[in-house]
Amino acid sequence: MATVNLTHSVPSSLPLTPFVNEPFVDFAQPENKRRMQAAIADVQSKLGREYDMIIGGKRLKTTGKIFSMNPAHPAEVIGVHQRAGTEHVEPAMQAAQAAFTTWSRTPVADRADLLFRAAALIRERSFEFCAWLTLEVGKNWGEADADVGETIDFLEFYGREALRLHGTTTPIQLPGERNQLRYVPLGVGAVIPPWNFPFAIMAGMTAASIVCGNTVILKPSVDAPTIAAKFMELLEEVGLPDGVVNLCPGEGPDFGSAVVAHPQTRFIAFTGSKAVGLDIHERAAKTQPGQIFIKRTILEMGGKDSIIVEADADLDAALDGVVASAFGFNGQKCSACSRAIVSADIYDVFCDRLQERVSKIKTGDPAENVYTGPVISEKSYRKVLDYLDIGKKEGTVLNGGHAIETPEGGYYIAPTVIADVAPTARIALEEIFGPVLAVIKSHSFDDALSIANNTEYGLTGAIYTGSREKLDRAREEFNVGNLYFNRKCTGAMVGAHPFGGFNMSGTDSKAGGPDYLLLFTQAKSVAEKLGHASPAAEKQAEQMGM
Ligand code: NAD
């Protein structure tokens, strides 16, 4: 075990450029198209491989397996993964605890550097990662690229943020004292990501945890374990010490909840549905025998996001924004627009033009870069079809309203628009997480705002209007964590749009923002009376910037 805390020895020579978001790949360029097709062919030749559970650097196999399948071709196995059970919780915790003693004392510059090196490798292999995302969760090329780009952004951003946090000083130095404020790690955390941003959110929550000196048990979604296994391979390649990240693919209700309940789990970083987030919140709140701290929960949950379209809006821009937000990645984003709240003055023309646009959306295999692909699983497919039945009774179907059958049996659902929906209808209030948009008529701007605020969620929202006064009112009264003016409500960029929701959308942790890493640390105030240490110790303190 290290005896000296080295976290004050950031080399001043660290070559840091200012953070910039990763540029998007233009797949219209023939060279990029060729590279993506080659990456898909290459990844297709690697499908079906078995991946290990990794605890303390040891590779383990279980009798039960998790099979990750391609939602566009449900018979195609993407990867075979181990199935962590409750018996793996203790070994994973002990490995993470053992690693914590040294990792928490590893200089922050080294921890940040590990993130920067991981980012560089992902950038080098971005087409390959895009191909894995396309095949494992059904993202078209642009959506896959956005996920990979956001992953790189999180690594680059959190590395810089950790260094910034490390340089924090107290605002006041009392006469005769040396006053210091340090952000120290919490301990062992559980990282529990969703399947829909299986790279960016999984890697982002993991990176934020470890760059602050914590160690983790990472339990990826059963619908997207392969991308997590690939990330783990990459972390090992850049030199992550054993036990800092323990990769345990497992089912949420047994393995996941047992990790949450473990008395030594210090924090839980979760992103997923409201129901699971609330379950984790409750479980984490129950003190276990031997537990000596209050667990911290960072819970980012579902959404039911609205776009308000006013009569004074640029209608083309509003249609672009609504369609992209509702049907990008088949509405399977927490930020997806699932409610368009449209002024009565333009309602009919808006609905006509919306119907025309949505009828042109192509649905098909994302490996061929079709705009909308399948939903993630049979469970999700059934859930969305059930909501279509409900929606048909709650409004007028303008587009879709049915499944699309293919010879391979992919989980395709036609992009669906249901108009004339009451603000309190079920499809207006419940998260569907599929390609289903409800259109609601508003009779005034007050009415539009009150409809926008009538769900239990509060994640994203947008408003299209030419009126400064309405924008100003929305700034105050539209109650969501991420609000957009005259642009779509999806596509948050790291650094520019710190992300997190109000109310039942979560704890508003603002991933990709300047406050995020505080959630993975605790602040320690140290005050030293001057004049009592030896001159050598004083000199050393000065050199260390204290
Ligand atoms: P989910 O809640 O079903 O699963 C999320 C994770 O929790 C998975 O890893 C799952 O295995 C695990 N889990 C399930 N039950 C558990 C339990 N009892 N204890 C511990 N872990 C458990 O969500 P999903 O289907 O993977 O993802 C879609 C949901 O995520 C949507 O509701 C979406 O809105 C939300 N989401 C939110 C954000 C955000 O930033 N707010 C971002 C992406 C997705």
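Refer to the structure above for everything that follows.
Rules of the game
Residues numbered from 1 in each chain as written. Predicted model: local features only at pLDDT ≥ 70, side-chain atom pairs only at ≥ 80, totals over all residues. Heavy atoms only, no water. Helix = DSSP H or I, 4+ residues; strand = E, 2+ residues; numbered from the N terminus. Rg over C-alpha atoms; globule rule 2.2 N^0.38 Å. Buried < 20%, exposed > 50% of the residue type's maximum accessible area, 1.4 Å probe, protein only. Contact = heavy atoms within 4.5 Å. Areas by Shrake-Rupley, 256 points an atom, 1.4 Å probe, with all protein chains shown as cover. Lys, Arg positive; Asp, Glu negative; His and termini not counted. Charge placed at Lys NZ, Arg CZ, Asp CG, Glu CD. Pairing = 2+ DSSP bridges. Right-handed = clockwise from strand over helix to strand, strands pointing away. Axes fitted to C-alpha atoms, helices over the stretch in contact; angles between N-to-C directions. Core = buried A, V, L, I, M, F, W, Y, C linked by side-chain atoms within 4.5 Å. Domains from an automatic or database assignment. Near = heavy atom within 4 Å. Polar contact = N/O pair within 3.5 Å; in protein donor to acceptor, adjacent residues only side chain to side chain. Salt bridge = Lys/Arg side-chain N within 4 Å of Asp/Glu carboxyl O. Arc of directions from axis to C-beta.

A. Region of interest: the overall build of the chain. Helix and strand counts for the chain stand at 16 helices and 21 strands. In terms of overall dimensions, the chain is globule-like: its C-alpha atoms have a radius of gyration of 24 Å, near the 24 Å expected for 546 residues. Projecting the C-alpha coordinates of the chain onto the three principal axes gives extents of approximately 80 × 55 × 50 Å. A buried classification covers 57% of the 546 residues belonging to the chain. Expressed as a percentage of contacts within the chain between residues at least 6 apart in sequence, the contacts between residues at least 24 apart total 77%. As presented, the chain carries roughly 22000 Å² of accessible surface, and 54% of it is formed by carbon and sulfur atoms. Of the side chains in the chain, 52 bear a positive and 65 a negative charge, and the two mean positions are spaced by 5 Å.

B. Expanded view of the pairing of strand S11 (residues 296-300). Among the five residues in S11, four count as buried, and that is most of the element. Bridge analysis of strand S10 (residues 265-271) against S11 gives five bridges, and the strand direction is parallel. Bridging across to S11, Phe270 finds its partner in Leu299. The parallel pair S10 and S11, bridged by helix H9 (residues 274-285), forms a crossover whose chirality is right-handed.

C. A look at the sheet that holds strand S4 (residues 65-70). Strand order in the open sheet made by the three strands is S1-S5-S4, with mixed pairing throughout. Looking at the sheet topology across the chains shown, the edges are occupied by strand S1 (49-51) and S4. Strand-to-strand twist in this sheet, taken as the mean axis angle between neighbours without regard to direction, amounts to 35°. Summarising the sheet, S4 and strand S5 (residues 73-82) pair through six bridges and their orientation is antiparallel.

D. Just the nonpolar core, in detail. Within the largest apolar cluster, 82 residues are counted, with the highest numbers of intra-cluster contacts made by Tyr158, Phe199, Ile210, Val245 and Leu517. For this core, the element with the most residues is helix H5 (residues 141-166), which contributes 11 residues. Of the residues that make up this core, three or more belong to each of domain 1 (30-64 + 87-301 + 506-524) and domain 2 (305-485). In this structure, Tyr158 is in contact with Leu115, Gly204, Ala207, Ala208, Val211, Ala511, Gly512, Tyr516 and Leu517, ignoring residues within four places of it in sequence. With 30 residues, the next largest nonpolar core counts Ile413, Ile432, Phe445 and Leu449 among its residues.

E. Quick look at the site of the ligand. The full set close to the ligand counts 28 residues, and Pro193, Lys219, Ser273, Met301 and Glu431 are the nearest of them. In the model, an oxygen atom of the ligand is placed 2.8 Å from a nitrogen or oxygen of the Pro193 main chain. For the ligand, a nitrogen atom lies 2.7 Å from a polar atom in the backbone of Met301. Across the complex, the protein chains shield 88% of the 850 Å² of accessible surface that the ligand would expose by itself. Broken down by secondary-structure element, the contributors of at least two residues to the shell around the ligand are helix H8 (252-261), S10 and H9. Broken down by element, the residue count for the shell around the ligand peaks at four residues, all from H8.

F. Inspection of unusual backbone geometry at higher detail. With a phi angle near 55°, Asn330 is a residue other than glycine that sits in the positive phi range. With respect to the helices and strands, the residue Asn330 is situated in the loop between helix H10 (315-327) and strand S13 (337-343). You can call Asn330 buried: its relative accessible area is 1%. Residue Asp420 is not a glycine yet carries a positive backbone phi of 60°. Here Asp420 is to be found in the loop between strand S17 (416-419) and helix H13 (426-429).

G. Molecular detail of the pattern of salt bridges. Evaluated as defined, the whole model comprises 32 salt bridges. Here Arg283 and Asp279 are joined by a salt bridge, their closest N and O atoms 3.2 Å apart. Of this pair, Arg283 and Asp279 both sit in helix H9, four residues apart, which is roughly one turn of that helix. For Arg283, a relative accessible area of 32% gives the class partly exposed.

H. Highlighting the sheet that holds S17. Strand order across the open sheet formed by seven strands is S14-S17-S18-S13-S12-S19-S20, with mixed pairing between neighbours. Looking at the sheet topology across the chains shown, the edges are occupied by strand S14 (396-399) and strand S20 (482-485). Put simply, the sheet's adjacent strands are angled 20° from each other on average, direction ignored. Across the face of the sheet, helix H12 (residues 378-394) comes into contact with S14, S17 and strand S18 (436-442) while running at roughly 25° to S17.

I. Spatial organisation of helix H15 (residues 468-477). Residues of H15 that are buried: Lys470, Leu471 and Ala474. Down the axis of H15, the buried side of the element spans an arc of 100°, and every buried residue falls inside it. Opposite the packed face of H15, turned more than 90 degrees from it, sit the exposed residues Arg468, Glu469 and Glu476. Turning to H15, the residues buried within the fold contact helix H14 (445-452), strand S19 (460-464) and S20. Its side-chain oxygen placed 3.3 Å from the backbone nitrogen of Glu469, Ser467 serves as the N-cap of H15.

Honestly, that's just the spatial picture; any functional story needs more than this.
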